[in-house]
Amino acid sequence: MTSSAKPIHIVGGGLAGSEAAWQIASAGVRVVLHEMRPVRSTDAHLTDNLAELVCSNSFRSDDAVNNAVGLLHEEMRRAGSLIMRAADAHKLPAGGALAVDRHGFSAAVQQALLAHPLVELRREEVAGLPPADWDSVIVATGPLTSPALAEAIRTLSGEEALAFFDAIAPIVHHESIDLSIAWKQSRYDKGGPAGDGADYLNCPLSKPEYEAFVAALLGGDKTEFKEWEASTPYFNGCQPIEVIAASGPQTLRFGPMKPVGLRDPRTGRRPWAVVQLRQDNALGTLWNIVGFQTKLKHGEQTRLFRTIPGLQGAEFARLGGLHRNTFLNSPRLLDATLRLKAMPRLRFAGQITGCEGYVESAAVGLMTGRFAAAERLGLASAAPPATTAMGALLSHITGGADATTFQPMNVNFGLFPPIEGTLRGKERKQALSARALRDFDRWLAPTPLAAE
Ligand SMILES: Cc1cc2nc3c(=O)[nH]c(=O)nc-3n(C[C@H](O)[C@H](O)[C@H](O)COP(=O)(O)OP(=O)(O)OC[C@H]3O[C@@H](n4cnc5c(N)ncnc54)[C@H](O)[C@@H]3O)c2cc1C
């Protein structure tokens, strides 16, 4: 293992910073990882663990053949991702999704990094621009970047604002769910990486129950925005249920409350609508309400969610809430290897680059780590081809997206260059995935930074 004299500094030990640190250390380069927790916390983190999952415990679909995020999982595994290794080691039943035990997962990431001889962890806030003698820095401070650093970056980038709003979903204690009403089933009985086809708890609603629920939701008391926050938009993939409900009386029934692929054992029929809960910890004691991000006031959430059949006695381990999301206008501000054009010693990784989600954040951390390590070692660092999931995400962030309307983005097949021919639907996705993995292997092969 070769160790360069000067370390690469990483600010933020979340999903992206942890993965970047692992990639850099695996390439034989020293890393200093600066994480502000527990010295200073954020509005969403609850522990001082590295790579803490602040909301859902799901890494979404693990299907590498038909789904873009599943494909991203597979590319990351092939590139020796620590985040995927820890996720695979701590997976829980969740249908076709890869869900993890959040504590086991983040403890595994932290232990691996602390055990690596080239990684030094410093528990401190970087409360402004990093010192000038840090010649290679990765900023991976996430959606809740501390205000002092966010302000320094905002000034440096010349942007007016770096933030918008997201919402998180509530978590329920399992023992408080009425299992004479709620039943276990995955949609279409689909099994998955750790599941048996009966991984979700389903609470059925009749037509009148659904209509009453939607009406109460629309009339519910919501958290008010402060004046300066009022014009801050939502990210579409994480809209609060009351915002979705406001777009039409049936919208929830075709969204998070859709009943398709489910049969209520008490009636033998598909219900009018369902509320689904997914296991959130290894013990199976906590379950989160899928897709129920909300900005309703806490008292209102308790009252309203207890009108759902099966949740009448629900006790909540956490209620939903609002959070800030800090991100750069990356298409305008970053170059092709994620360096800030205005100060190239700073690279960016994770959600602050304008990707969205745990997996995407870790994937951008993986790429940024590799770019920084290659630069330190004097090696050429080609970006992954745009035909791969990582390359498609990177191209979108660093130029493919329209800078004037830039919003955080999950990986999806729409970001991939089209494939020749007339393939449609599943066949098209499968062809895109096969092309991606072939090109990804070619990209990995010649680089000395390939998986351990
Ligand atoms: C409330 C909330 C709910 C979310 N729900 C989901 C979800 O359900 N599913 C999903 O896929 N994604 C979700 N996201 C998005 C999720 O945060 C990101 O996908 C992911 O955590 C981002 O990874 P990251 O490494 O960029 O940031 P983080 O994981 O947030 O890591 C950033 C780290 O930087 C540290 N830090 C910040 N400022 C400083 C500083 N100045 N100095 C030193 N350290 C600093 C923080 O303490 C933190 O540990 C949610 C985000 C929030 C805020």
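Now for a quick tour of the structure. (Residues numbered from 1 in each chain as written. Predicted model: local features only at pLDDT ≥ 70, side-chain atom pairs only at ≥ 80, totals over all residues. Heavy atoms only, no water.)

## Notes on the pattern of salt bridges
- This structure, assessed with the given rule, holds 22 salt bridges.
- Measuring nitrogen to oxygen at the nearest pair gives 3.4 Å for the salt bridge that ties Glu 52 to Arg 37. Separated by 15 residues along the polypeptide, Glu 52 in the loop between strand E2 (31-35) and strand E3 (58-61) and Arg 37 in the loop between E2 and E3 bring together distant segments of the chain. Here Glu 52 matches Arg 37 in class, with each residue buried.
- For Glu 120, the salt bridge identified is with Arg 122, shortest N-O distance 2.8 Å.
- Each of Asp 62, Glu 74, Arg 77, Arg 78, Asp 88 and Asp 441 takes part in salt bridges that share partners, so that together they form one network. (Salt bridge = Lys/Arg side-chain N within 4 Å of Asp/Glu carboxyl O. Helix = DSSP H or I, 4+ residues; strand = E, 2+ residues; numbered from the N terminus. Buried < 20%, exposed > 50% of the residue type's maximum accessible area, 1.4 Å probe, protein only.)

## Let's talk about the pairing of strand E13 (residues 286-289)
- As paired elements, strand E9 (residues 171-173) and E13 share three bridges and run antiparallel to each other. Directly across from Val 172, in E13, lies its bridge partner Trp 287.
- Bridge count for strand E12 (residues 273-279) against E13 is three bridges, and the pairing is antiparallel. Paired with Leu 277 across the two strands is Ile 289, which belongs to E13. (Pairing = 2+ DSSP bridges.)

## What to know about the sheet that holds strand E7 (residues 137-139)
- In spatial order, the strands read E6-E2-E1-E7-E17-E16; together these six strands make up an open sheet with mixed pairing. Looking at the sheet topology across the chains shown, the edges are occupied by strand E6 (119-123) and strand E16 (339-340).
- Relative to E7, strand E1 (residues 8-11) is paired through three bridges, and the arrangement is parallel. Its bridge partner lying in E7, His 9 is registered against Val 137.
- Contacts from helix H10 (residues 358-377) reach E1, E7, E16 and strand E17 (343-348), with the element oriented near 145° to E17. (Contact = heavy atoms within 4.5 Å. Axes fitted to C-alpha atoms, helices over the stretch in contact; angles between N-to-C directions.)

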